[in-house]
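Given next are the chains, with one letter for each unit.
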Amino acid sequence: MNETQSPSPPAHGSPAAPARVTRFAPSPNGPLHLGHAYSAIVAHDLAMEGGGRFLLRIEDIDGPRSLPELADEFRRDLDWLGLEWEEVPVQSTRLETYAAAARILREGGFAYPCACTRAQIRTLPPRKGADGREYPGGCRGRCNPAPGEAAALRLDIERAMTAVGEIVWTDERAGSVVADPRDFGDVVIVRKDLPASYHLAATLDDAADAVTLVTRGRDLFEASHIHRVLQELLHLPVPDWHHHELVLDADGEKLAKRRGSPALADRRRSGEDGKMLAEQLRLRNFDLGT
Ligand code: GLU
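About the criteria used
- Residues numbered from 1 in each chain as written.
- Predicted model: local features only at pLDDT ≥ 70, side-chain atom pairs only at ≥ 80, totals over all residues.
- Heavy atoms only, no water.
- Helix = DSSP H or I, 4+ residues; strand = E, 2+ residues; numbered from the N terminus.
- Rg over C-alpha atoms; globule rule 2.2 N^0.38 Å.
- Buried < 20%, exposed > 50% of the residue type's maximum accessible area, 1.4 Å probe, protein only.
- Contact = heavy atoms within 4.5 Å.
- Areas by Shrake-Rupley, 256 points an atom, 1.4 Å probe, with all protein chains shown as cover.
- Lys, Arg positive; Asp, Glu negative; His and termini not counted.
- Charge placed at Lys NZ, Arg CZ, Asp CG, Glu CD.
- Core = buried A, V, L, I, M, F, W, Y, C linked by side-chain atoms within 4.5 Å.
- Near = heavy atom within 4 Å.
- Polar contact = N/O pair within 3.5 Å; in protein donor to acceptor, adjacent residues only side chain to side chain.
- Nonpolar A, V, L, I, M, F, W, Y, C, P; charged D, E, K, R; others polar.
- Arc of directions from axis to C-beta.
- Phe/Tyr/Trp six-rings, centres within 6.5 Å; stacked < 30°, edge-to-face > 60°.
- Pairing = 2+ DSSP bridges.
- Salt bridge = Lys/Arg side-chain N within 4 Å of Asp/Glu carboxyl O.

1. Considerations on the overall build of the protein chain
Phase 1: If you tally the helices and strands in the protein chain, you get nine helices and twelve strands.
Phase 2: Here the protein chain has a C-alpha radius of gyration of 20 Å; the compact-globule value for 290 residues is 19 Å, and the two agree.
Phase 3: The principal-axis extents of the C-alpha atoms in the protein chain amount to approximately 60 × 40 × 35 Å.
Phase 4: Counting every position in the protein chain, which comprises 290 residues, the buried fraction comes to 50%.
Phase 5: A fraction of 79% describes how many contacts in the protein chain between residues 6 or more apart in sequence connect residues 24 or more apart.
Phase 6: In the form shown here, the protein chain has an accessible surface area of approximately 13900 Å², with 52% of it arising from carbon and sulfur atoms.
Phase 7: Averaging the positions of the 36 positive and the 44 negative side-chain charges in the protein chain gives two centres separated by 5 Å.

Here is the structure:
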């Protein structure tokens, strides 16, 4: 599952740049910070350089953690940065799509219900794959939720991998990658408390929104292995990916509100010039504002 880094990013502004459909997909459970701004700018610019489309999708299914009023703040932030976008439906309008996909996976024998807690799952022995490699298993065949008991749905990764065989995905920076999500084990595709996990919802949404280039931070590089396998199982179109560098704080950590990274909205309200900040982010020469 190693990422091999290509020596240089794609040539920006190249006349042969394809018309891409990219998206920025923030979750309204906390304010946007500089890392989000960078992600949005990368997605926007990669779409614009070939005359493509840049989409905004609000990922709002995270139950009580989702704050609808933050979505408006996000729109103001993006506008302040000088970006233009098309907005696609928010996730909470797509619950039927998620349920239908979960049904297909379950009926195909690729998913099973699981009522275990995380702590219980951690105590289960690893599963051995056909190649002898061990990876976290799940509780398939061991946990039979009672009717009405809250249960997640887990992907049976071994069955899934046997069914899809060797498949690849393409990252614009890392090149061709063989999909191998087994390090995640039997990953949750429908949460106990939510109609889909991030993995299932994002995969289905990117297909529904006809995204051709999934752009996001390289901290989510490994998750793309799972998404590629879900696409294959669900017969979805396969986009390319672009996992960009992260914006790190002075300690080399990913930015996070809880570590005191200032919200874009605060910088905006303080009168800072958002378009200038966007230019600085493009050059990766910016003030963290801390
Ligand atoms: N809602 C996810 C996040 O904010 C999106 C990740 C992605 O771009 O796939 O982290």
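The discussion continues.
2. Let's talk about the nonpolar core
Phase 1: Ranked by size, the top nonpolar core spans 39 residues in total, and within it Leu105, Leu155, Ile189, Leu200, Val229 and Leu233 carry the most contacts.
Phase 2: When residues of this core are traced back to their parent elements, those giving at least two are α3 (95-107), β7 (152-155), α5 (157-164), β10 (188-190), α6 (198-208) and α7 (223-233).
Phase 3: Here Leu105 is in contact with Phe110, Ala111, Ile189, Leu200, Leu230, Leu233 and Leu234, once residues within four sequence places are set aside.
Phase 4: Core analysis: the second largest hydrophobic core is formed by 29 residues, Tyr38, Ala47, Leu70 and Ala278 among them.

3. Description of the site of the ligand
Phase 1: The full set of residues close to the ligand is Arg23, Ala25, Ser27, Glu59, Tyr198, Arg216 and Leu220.
Phase 2: With respect to the ligand, the side chain of Arg23 contributes an N or O atom lying 2.8 Å from an oxygen atom.
Phase 3: At 2.8 Å from a nitrogen atom of the ligand is found a main-chain nitrogen or oxygen belonging to Ala25.
Phase 4: About the coverage of the ligand: the protein hides 76% of its 300 Å² of free accessible area.
Phase 5: By residue class, the composition of the shell around the ligand is three nonpolar, one polar and three charged.

4. Concerning α5
Phase 1: Turning to α5, its buried residues number three or more, namely Ile157, Ala160, Met161 and Val164. Projected down its long axis, α5 shows its buried positions confined to an angular sector of 95 degrees, all on one face.
Phase 2: Considering only its buried residues, α5 is in contact with β6 (134-135), β7 and α7.
Phase 3: Count one or two residues on from α5 and you reach Gly165, which has phi positive near 65 degrees.

5. Concerning the packing of aromatic side chains
Phase 1: Overall, the coordinates contain two aromatic pairs when judged by the stated rule.
Phase 2: With a centroid separation of 5.0 Å and an interplanar angle of 50 degrees, the aromatic rings of Trp169 and Phe221 are classed as tilted. With Trp169 in strand β8 (residues 168-171) and Phe221 in the loop between β11 (213-217) and α7, the pair connects residues that are 52 residues apart, well separated along the chain.
Phase 3: Its relative accessible area of 1% is what places Trp169 among the buried residues.
Phase 4: Here Trp169 and Trp241 contribute two aromatic rings whose centre-to-centre distance is 5.2 Å and whose plane-to-plane angle is 65 degrees, an arrangement assigned as edge-to-face. Of this pair, Trp169 sits in strand β8 while Trp241 sits in strand β12 (residues 240-244); the two residues are 72 residues apart in sequence, bridging distant segments of the chain. Taken as a pair, Trp169 and Trp241 share a single burial class, namely buried.

6. Description of the pairing of β7
Phase 1: Of the two faces of β7, the one lined by Ala152 and Arg154 and the one lined by Leu153 and Leu155 are each fully buried.
Phase 2: Alignment of β7 against β10, held across two bridges, turns out to be antiparallel. Within β10, the residue paired with Arg154 across the bridge is Val188.

7. Overview of the side chain of His44
Phase 1: With respect to the helices and strands, the residue His44 is situated in helix α1 (residues 34-48).
Phase 2: When near neighbours in sequence (up to four residues on either side) are disregarded, His44 contacts Thr22, Phe54, Leu83, Glu84 and Arg282.

8. Points about the pairing of strand β9 (residues 175-178)
Phase 1: Here β8 runs beside β9; their pairing, made up of four bridges, is antiparallel. When the bridges of β9 are listed, Asp171 appears paired with Gly175.
Phase 2: Count of turn residues in the β8/β9 antiparallel hairpin: three residues.

9. Digging into the pattern of salt bridges
Phase 1: Under the criterion given, the structure shown has 35 salt bridges.
Phase 2: With its nearest N and O atoms 3.0 Å apart, the salt bridge here joins Glu73 to Arg76. A residue pair is termed a helical-turn pair when its members lie 3 or 4 positions apart in one helix, as Glu73 and Arg76 do in helix α2 (residues 68-80) at three residues.
Phase 3: The class for Glu73 is buried, based on a relative accessible area of 14%.
Phase 4: Linking Asp186 and Arg127 is a salt bridge whose minimum nitrogen-to-oxygen distance equals 3.2 Å. Within this pair, whereas Asp186 is found in the loop between β9 and β10, its partner Arg127 is found in strand β5 (residues 127-128), the two being separated by 59 residues in sequence. The same class applies to Asp186 as to Arg127, namely buried.
Phase 5: Taken together, the shared-partner salt bridges in this structure form one network comprising Arg23, Arg57, Glu59, Arg94, Asp205, Asp206 and Asp209.

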